[in-house]
Amino acid sequence: MLLLITGAADGTSDRLVVNYGDGVFRFNYDLWHQYKVVFTTEYWSIENPVGLKIDSSEATACFWWKALQYYPGNEDRAIKEEVKYFLREIYSWFKLRGLAKGNSPYYHNDLGKINILSIAKKYFPIPNSAYSVGLIGLSNFSDSLIVKSLASSQSDDKSVLMTTSIPSLDTLDPNFPWFVQDEIESDWDVTIFMCDSRLFAFKRSRIGMDGIDWRTQQDFTFEDQEWFPFDLTEETTDSLLSLSAELGVEFGRFDFMAERDDLSKLFFLELNASGQWVFLDIENRYGLVDSVVSWLKT
């Protein structure tokens, strides 16, 4: 039986459960108090509110999906930390036995975006990139620059730093921690979803965009198709699979930009080890959900 660690309102998990069918147990972190749990050095068991159970004798795999993006009610912080610690414990139980699917929820905490870029440049061109406080070490950058967030966390006022074009370094506060990159001129955003060495490549036109970050203009009604599949070159496929092997991932979403309008020449931007992917195939035309379900059952 598969243990799916997630949140009650997660739409991706809804699709996975429906398509998976029998043999999946869903643990929603934000509803943790509705479960009966025991975890010892010898065995563990979880029972949900309707009496469905999973335990250490029948568990076959574990997939962690966005669980900590969903928050329990008004419980004391110490209680929430206890529950999160338990979830890390049980995920590690699977990992120690080679049964954890996908990437650790702390993958980027362990490796980081700049270290991933340093590995990726063996296989793809990358934009000139630097983290800087005091605006030092940036003399070799071009005149066209962007700033973006390393942590992608909300500020105290609930705002998020999206990828933003800046006219010059002089406009930046030297006392702020900046992640700076050279801007890439491109007609296409490209994202490639990988599941068990199978690659699904999609492109999105940048023509007529207001701003530089496609996420600020994403249509969450999904009435119009924004991302379209395309075929990767053999060279790109081989490079991406080699990069994935070196990064130790078999699941995730890789973001690129084309070199102007040439989709055979891609600049690597980042790996989203737990990046959203259903939006690429919201009508299930291209088999992304089926591919993930098959991989989870393997």
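Residues numbered from 1 in each chain as written. Predicted model: local features only at pLDDT ≥ 70, side-chain atom pairs only at ≥ 80, totals over all residues. Heavy atoms only, no water.

Draft legend 1. Spotlight on the side chain of Asn103. Note that Asn103 resides in the loop between β7 (100-101) and α3 (107-111). By relative accessible area, Asn103 is classed as buried at 6%. At 2.7 Å, the side chain of Asn103 and the backbone oxygen of Phe251 are in polar contact. Within the local environment of Asn103, its side chain forms a polar contact with the backbone oxygen of Ala273, the two atoms lying 2.7 Å apart. Beyond its immediate chain neighbours, meaning those up to four positions away, Asn103 contacts Tyr91, Gly248, Val249, Phe251 and Ala273. (Helix = DSSP H or I, 4+ residues; strand = E, 2+ residues; numbered from the N terminus. Buried < 20%, exposed > 50% of the residue type's maximum accessible area, 1.4 Å probe, protein only. Polar contact = N/O pair within 3.5 Å; in protein donor to acceptor, adjacent residues only side chain to side chain. Contact = heavy atoms within 4.5 Å.)

Draft legend 2. Looking closely at the sheet that holds strand β15 (residues 251-259). Spatial ordering of the open sheet is given by β14-β13-β12-β15-β16, a layout of 5 strands whose pairing is antiparallel. Edge positions in the sheet fall to β14 (228-229) and β16 (262-272), since each of these pairs with one other strand and no more. One ladder, built from 7 bridges, connects strand β12 (residues 188-195) with β15; its direction is antiparallel. Residue Val190 lies in a different strand from β15, and its bridge partner there is Phe256. Across the sheet, helix α6 (residues 288-297) touches β12, β13 (198-205) and β15, and the angle it forms with β12 is around 30°. (Pairing = 2+ DSSP bridges. Axes fitted to C-alpha atoms, helices over the stretch in contact; angles between N-to-C directions.)

Draft legend 3. Molecular detail of the packing of aromatic side chains. Under the criterion given, the structure shown has 22 aromatic pairs. On the numbers, 5.8 Å between centres and 90° between planes, the contact of Trp64 with Tyr91 is edge-to-face. Of this pair, Trp64 sits in strand β6 (residues 61-64) while Tyr91 sits in helix α2 (residues 77-96), and the two are 27 residues apart along the sequence. With relative accessibility at 5%, the residue Tyr91 sits in the buried group. Both rings, one in Phe193 and one in Trp277, keep their centres 5.1 Å apart while their planes meet at 10°; by these two values the pair is stacked. Note that Phe193 is positioned in strand β12 and Trp277 in the loop between β16 and α6, a separation of 84 residues in sequence. (Phe/Tyr/Trp six-rings, centres within 6.5 Å; stacked < 30°, edge-to-face > 60°.)

Draft legend 4. Examining a nonpolar patch on the surface more closely. A cluster of nonpolar side chains, Ile114, Tyr131, Val133 and Leu150, forms an exposed patch at the surface whose accessible area comes to about 330 Å². Inspection of the secondary structure puts Val133 in the loop between β8 (129-132) and β9 (145-148). (Patch = residues over 30% accessible without salt bridge, like charges linked within 9 Å, V, L, I, M, F, W, Y side chains within 5 Å. Areas by Shrake-Rupley, 256 points an atom, 1.4 Å probe, with all protein chains shown as cover. Salt bridge = Lys/Arg side-chain N within 4 Å of Asp/Glu carboxyl O.)

Draft legend 5. Spotlight on the pattern of salt bridges. As enumerated under the stated definition, the model contains 9 salt bridges in all. Ionic pairing is found between Arg26 and Asp14, a salt bridge with its closest N-O pair at 2.7 Å. With Arg26 in strand β2 (residues 24-28) and Asp14 in helix α1 (residues 11-20), the pair connects residues that are 12 residues apart, well separated along the chain. Relative accessible area serves as the criterion here: at 18%, Arg26 is assigned to the buried category. On the basis of relative accessible area, Asp14 is assigned to the partly exposed category, the value being 35%. The shortest N-O distance in the salt bridge between Asp255 and Arg253 comes to 3.2 Å. Its relative accessible area of 8% is what places Asp255 among the buried residues. Note on Arg253: relative accessible area 6%, which makes it buried.

Draft legend 6. Examining unusual backbone geometry more closely. Phi at Lys158 takes a positive value of approximately 70°, unusual for a residue other than glycine. The topology assignment puts Lys158 in the loop between β9 and β10 (164-166). Positive phi values are uncommon outside glycine, yet Arg260 reaches one of about 55°. Among the secondary structure elements, Arg260 is positioned in the loop between β15 and β16.

Draft legend 7. Geometry of the side chain of Ser186. Along the chain, Ser186 turns up in the loop between β11 (178-182) and β12. Overall, Ser186 belongs to the buried group, its relative accessible area being 12%. At 2.7 Å, the side chain of Ser186 forms a polar contact with the backbone oxygen of Ala258. Residues in contact with Ser186, not counting those within four places in the same chain, are Arg206, Met257, Ala258 and Arg260.

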